[in-house]
Amino acid sequence: MKTLEFIERAITEQNIVDGRCFVCGGEQSSGAGEHVMPKWLLTRLSLWSSMITLLNGTTLPYSQLKVPCCERCNNGFLSRIERDAQAIFAAGELKDANDVLVLGRWLAKILVGLLTKETKLYFDRRDRSKGFIVDAKFLDNFHLCHMILQTARKPTTFSCLHSDYPFSLYWYAVEDTEDDDFDFITDVVGNAVAIRIGRLGVVFVADGGLQMEAGAKGPHGLSGSKVSLRALRELILQIFYKSQLRDATHFYVNSETPEAINIEQVRVSPFTGMIPGTAMTQIFRPWDSEEMAAILSGMLDEAGNFSPPSRT
Ligand SMILES: [Zn+2]
């Protein structure tokens, strides 16, 4: 089967409800499944017994945050992604465009794992009053995360409109922190995730690269720079807020041979349409400084910590 067919099979409701492999839709192997937060990370950060809260309020230990997976995917492309990502966090910096791709896939993997878990909980319970709705926009996001992740199966060429890859990724070297300290925060609405392990902080948005259009180095042009921990957290929330304002997706023409995948973005496809009174496509809803300030004050406490820490 082709990679692009694995994706289609993996994201069906039936596959998710039946607990088949989260990345290929095949039979789950008898093993324990794939850890959404990888084992090397749980060990490095002493997170085995720490708790994570999912969107519907379910709380569980990180160690039990797992999704069904088959042996072939688990031992194949997924373990390669882990190995490569671990090496970058050990180095504490991104050296080139390939490192950007590695971490983009790795963070897409975490996002796909979480989205799969959340989606299954939703399908199982159908509790729409909780406000988590599997709608067309959500599925579009889910599909894009899968595409970014699953290009790790084969050599891939990307032809994208805004940057090298169909996502936005920024990284920062944090000056005032310890090696075993970390942040982990996700934004399922904005299709974004940020993680800091020791001194390396990375923010990823599965948005087709639209934020890169606004500036390849992100807010204040700081990607790749040294920043304080407090500055990093404010940058994360600015990027997350921007990701929630995204009002467009992309039209892709993808193709695949037995040897390679080709991902090609053809055009931006707006959700809403034109900016009122103009002939311009609306890519982002307008930035509202008051709304942004309200989000910041709700998510960062006086000391500049996420409140609660490491939320999802
Ligand atoms: Zn599989």
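Further up the page is the structure itself.
Bear in mind that the values here come from a model prediction, so they are computed numbers and not experimental data.

Asker: Looking at this structure, I do not really get the packing of helix α6 (residues 97-125) against helix α7 (residues 136-150). What am I missing?
Answerer: A pair of packed helices is captured by two measures, namely the crossing angle of their axes and the spacing between those axes. For the pair α6 and α7, interaxial distance at closest approach is 8 Å and the crossing angle is 140°. Classed by the angle they form, the pair α6 and α7 counts as oblique. Crossing of α6 against α7: the hand is left-handed. Of the residues in α7, those touching α6 at G104, R105, A108, K109, L111, V112, L115, T116 and T119 are F138, F142, C145, H146, I148 and L149. Partitioned by chemical class, the residues of the contact of α6 with α7 number nine nonpolar, four polar and two charged.

Asker: Explanation requested: the coordination of the zinc ion in the structure shown.
Answerer: When a metal carries six donors in an octahedron, the ideal angles between them are 90 or 180 degrees, while four donors in a tetrahedron ideally lie at 109.5 degrees. Protein coordination at the zinc ion: the donors are C21 (SG), C24 (SG), C70 (SG) and C73 (SG), at 2.3 to 2.4 Å from the metal. Every donor counted, the four donor atoms about the zinc ion form angles of 100 to 116° at the centre, which fits tetrahedral coordination. When the donors of the zinc ion are listed by position in the chain, the intervening gaps give C-x2-C-x45-C-x2-C. Here C73 lies in helix α4 (residues 71-75) and C24 lies in the loop between α2 (13-18) and β1 (34-35), a separation of 49 residues in the sequence. Both residues of the pair, C24 and C73, count as buried.

Asker: I'm lost on the sheet that holds strand β10 (residues 226-227) in this one. Help?
Answerer: What links the strands of a sheet is backbone hydrogen bonding, and the strands pair in either a parallel or an antiparallel sense. With mixed pairing, five strands are arranged side by side in an open sheet as β7-β8-β9-β6-β10. Strand pairing shows two members of the sheet lacking a second neighbour, β7 (182-187) and β10, which therefore form its edges. By the bridge criterion, six bridges tie β7 to strand β8 (residues 192-197) in an arrangement that is antiparallel. Within β8, the position partnered with D183 by the bridge is R196.

Asker: Any chance you could explain the nonpolar core here in plain terms?
Answerer: Membership of the largest hydrophobic core comes to 73 residues, with the highest contact counts inside it found for C73, F89, L103, W106, F184, I195 and F204. Top element by residues in this core is α6. It accounts for 14 residues. The contact partners of C73, leaving out residues within four places of it in the chain, are C21, V23, C24, L78, S79 and R153. Grouped together as the second largest cluster of nonpolar side chains are 27 residues, Y172, I239, A248 and L296 included.

Asker: How do you make sense of α6 when you look at a structure like this?
Answerer: Spacing of three or four residues puts side chains on the same side of an α-helix, whose turn is 3.6 residues. Its 29 residues place the ends of α6 42 Å apart at the C-alpha level, agreeing with the 42 Å of an ideal helix rising 1.5 Å per residue. Burial analysis of α6 places 22 of its 29 residues in the buried class, which makes it a mostly covered element. The backbone nitrogen of N98 has a side-chain oxygen 3.1 Å away, supplied by the residue at the start of α6, namely D96.

Asker: Can you walk me through the environment of K154 in this structure?
Answerer: Within the element layout of this structure, K154 appears in the loop between α7 and β5 (156-159). Along the chain, K154 and L245 lie 91 residues apart, while their C-alpha atoms are 33 Å from each other. Not counting residues up to four positions away in its chain, the partners in contact with K154 are T3, R105, E256, T257, P258, E259, A260 and I261.

Asker: Sorry, what's going on with the pairing of β8 here?
Answerer: Successive residues of a regular strand alternate their side chains across the two faces of the sheet. Extensive coverage of β8 is indicated by the burial of six of its six residues. The alternating pattern of β8 places A192, A194 and R196 on one face and V193, I195 and I197 on the opposite face, and all of these are buried. Between β8 and strand β9 (residues 200-205), which pair antiparallel one after the other, the connecting turn spans two residues, and G198 there sits at a positive phi close to 60°.

Asker: Please clarify how the packing of helix α5 (residues 77-91) against α6 should be interpreted in this entry.
Answerer: As a packed pair, α5 and α6 sit with axes 9 Å apart at the nearest point and diverge in direction by 120°. Here α5 is positioned oblique relative to α6, judged by the angle of their axes. α6 is crossed by α5, and the crossing has left-handed handedness. Between α5 and α6, the contacting residues are L78, I81, E82, D84, A85, I88 and F89 on the first element and D99, V102, L103, R105, W106 and K109 on the second.

Asker: Hey, could you run me through α5 in this one?
Answerer: Between its terminal C-alpha atoms α5 stretches 22 Å, which fits the 21 Å expected from 15 residues at 1.5 Å a residue. Burial in α5 covers these residues: F77, L78, I81, E82, A85, I88 and F89. Projected down its long axis, α5 shows its buried positions confined to an angular sector of 140°, all on one face. Opposite the buried face of α5, by more than 90 degrees, sit the exposed residues R83 and A90. Where α5 ends, the next residue or the one after it, G92, has phi of about 80°, a positive value.

How each quantity is defined
Residues numbered from 1 in each chain as written. Predicted model: local features only at pLDDT ≥ 70, side-chain atom pairs only at ≥ 80, totals over all residues. Heavy atoms only, no water. Axes fitted to C-alpha atoms, helices over the stretch in contact; angles between N-to-C directions. Helix = DSSP H or I, 4+ residues; strand = E, 2+ residues; numbered from the N terminus. Parallel < 35°, antiparallel > 145°, perpendicular 65-115°, else oblique. Left-handed = near helix turned anticlockwise from the far one by under 90°. Contact = heavy atoms within 4.5 Å. Nonpolar A, V, L, I, M, F, W, Y, C, P; charged D, E, K, R; others polar. Donors = N, O, S within 2.8 Å, 3.2 Å for Na, K, Ca; no water. Tetrahedral: all angles 85-135°; square planar, octahedral: opposite > 155°, others 65-115°. Buried < 20%, exposed > 50% of the residue type's maximum accessible area, 1.4 Å probe, protein only. Pairing = 2+ DSSP bridges. Core = buried A, V, L, I, M, F, W, Y, C linked by side-chain atoms within 4.5 Å. Expected span 1.5 Å × (residues − 1). Polar contact = N/O pair within 3.5 Å; in protein donor to acceptor, adjacent residues only side chain to side chain. Arc of directions from axis to C-beta.

Geometric values such as these leave the question of function open.
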